[in-house]
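# Understanding the architecture of this molecule
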Amino acid sequence: MRGGSEIKRVRGLGSAKHGAGHWWQQRVTAFANVILMLWLVVSLVRLPNLDYGTVHGWMQSPFVAVPLALIVINTFWHFKMGLQVVIEDYQHGESRIIALGLLNIFTFGAGALALFAILKIALTGSPA
C-alpha cells in the first residue's frame, strides 16, 4: 500500500489532508498583499495632502473603495492562516480549539468592522 502514500506525498497531502494547499494560499495572499499595499502607498503619495477631507473624499471613489476592501479581506485572511499554523504547531488539547475559535472570531469580526467602515464611507459619504 505504499503507492497510496506516495501519491499523497506528490500531491502535497500529509496527515493533515491539506498539505501544500495552505502553504500556497499563504504565498498567494502574501504576494497579493505586496501588490495591494504598493497600490495603497502610491495612491496616498499621489494625494495633494493627507488631511481628513482629502482622504475621506478619496475613499468615496469606487476605484479606491474596492481595492481597500480587497486589502482588508486579503490581509485578514493571510493573518488568520499564519496564526492558525502557529496555533496548530504549538497549542495542544482543548486550548488549541479555544485559540482557533478566538482567532476566527477576532479575524472575522475585525475584518467585518473594517469592511463596514470602508463601505459606509464609499456608499454614504459619512464617516463610520
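Everything below is about the structure shown above.
Residues numbered from 1 in each chain as written. Predicted model: local features only at pLDDT ≥ 70, side-chain atom pairs only at ≥ 80, totals over all residues. Heavy atoms only, no water.

### Some details on the overall build of the protein chain
Spelled out, the test is: Strands here mean DSSP runs of E at least two residues long; helices mean DSSP runs of H or I at least four residues long; both are numbered from the N terminus. Here's how the labels work: a residue is buried when its accessible area is under 20% of the maximum for its type, exposed when over 50%, partly exposed in between, all with a 1.4 Å probe on protein chains only. Whether two residues are in contact is decided by their heavy atoms: any pair within 4.5 Å suffices. The Shrake-Rupley method, run with a 1.4 Å probe sphere, supplies the accessible areas, and residue values consider only the shown protein chains as cover.
Summing up its helical and strand segments, the protein chain has five helices and zero strands in all. Mapped from its N terminus to its C terminus, the protein chain presents α and β elements in the order α-α-α-α-α. Counting over 128 residues, the protein chain shows a buried share of 23%. Here the contacts in the protein chain between residues at least 6 apart in sequence split such that 65% fall between residues at least 24 apart. Summing over all exposed atoms, the protein chain offers an accessible surface of approximately 8,800 Å²; the carbon and sulfur share of this is 72%.

### A short note on the packing of aromatic side chains
Note the threshold: Two aromatic rings from Phe, Tyr or Trp, using only the six-membered ring of Trp, form a pair when their centres are within 6.5 Å; if the ring planes differ by under 30 degrees the pair is stacked, by over 60 it is edge-to-face, and anything between is tilted. Remark: a charge is flagged as sitting over a ring if the NZ atom of Lys or the CZ atom of Arg is within 6 Å of the ring centre and within 35 degrees of the ring normal.
Inspection of the entire model under this criterion finds three aromatic pairs. Taking the centre distance of 5.1 Å and the plane angle of 85 degrees together, the rings of Trp 23 and Trp 24 count as edge-to-face. On the accessibility criterion, Trp 23 (41% relative accessible area) is partly exposed. Taking NZ or CZ as reference, Lys 80 lies 5.2 Å from the ring centre of Trp 77, over its face.

### Looking at a nonpolar patch on the surface
Let me state the cut-off plainly: The patches described consist of residues with a relative accessible area above 30% and no salt bridge, like charges being joined within 9 Å and nonpolar side chains (Val, Leu, Ile, Met, Phe, Trp, Tyr) within 5 Å. Salt bridges are defined as contacts in which a side-chain nitrogen from Lys or Arg sits within 4 Å of a carboxyl oxygen from Asp or Glu.
The grouping of Phe 79, Leu 83, Val 86, Tyr 90 and Phe 106 at the surface amounts to a nonpolar patch, some 500 Å² of accessible area in total. No other element matches helix H4 (residues 62–90), which puts four residues into the nonpolar patch. The exposure class assigned to Leu 83 is partly exposed, which follows from its relative accessible area of 33%.

### A look at the environment of Lys 80
Tracing the backbone through its elements, the reader meets Lys 80 in helix H4. As a C-alpha pair, Lys 80 and Phe 108 span 28 residues in sequence and 9.1 Å in three-dimensional space. Other than its neighbours up to four places away in sequence, Lys 80 contacts Leu 103, Asn 104, Thr 107 and Phe 108.

### Thoughts on the nonpolar core
Note that soluble globular proteins tend to have their nonpolar side chains buried in a common cluster. Condition: We define the nonpolar core as a collection of buried residues of types Ala, Val, Leu, Ile, Met, Phe, Trp, Tyr and Cys that are connected through side-chain atoms lying within 4.5 Å of one another.
Of all hydrophobic cores here, the largest spans 12 residues; its members are Leu 36, Leu 40, Leu 47, Trp 58, Met 59, Val 64, Ala 65, Leu 68, Ile 71, Val 72, Ile 118 and Ile 121. Elements supplying a minimum of two residues to this core: helix H2 (19–46), helix H3 (52–59), H4 and helix H5 (94–124). The greatest single-element share of this core, amounting to five residues, is contributed by H4.

### So, H5
In plain terms, the rule: Expected span, for any helix, means 1.5 Å times one less than how many residues it has.
Between its first and last C-alpha, H5 extends 44 Å over 31 residues, near the 45 Å set by a 1.5 Å rise per residue. Residues of H5 that are buried include every one of Leu 103, Thr 107, Gly 111, Ile 118 and Ile 121, and no others. Buried residues along H5 sit in contact with H3 and H4. Just beyond H5, the residue with positive phi is Gly 125, at close to 80 degrees.

### Here's the deal with the packing of H4 against H5
Condition: Every axis corresponds to a line fitted to the C-alpha atoms, with the helix fit spanning only the stretch in contact, and the corresponding angles, defined between N-to-C directions, vary from 0 to 180 degrees. Roughly parallel covers angles under 35 degrees, roughly antiparallel covers those over 145, roughly perpendicular covers 65 to 115, and oblique covers all other angles. When residues are grouped by polarity, Ala, Val, Leu, Ile, Met, Phe, Trp, Tyr, Cys and Pro land in nonpolar, Asp, Glu, Lys and Arg in charged, and all others, Gly among them, in polar.
H5 packs onto H4 with a crossing angle of 170 degrees between their chain directions and a minimal axis gap of 10 Å. As far as their axial angle goes, H5 and H4 are roughly antiparallel. Here the contact of H4 with H5 is built from residues that sort into 20 nonpolar, four polar and three charged.

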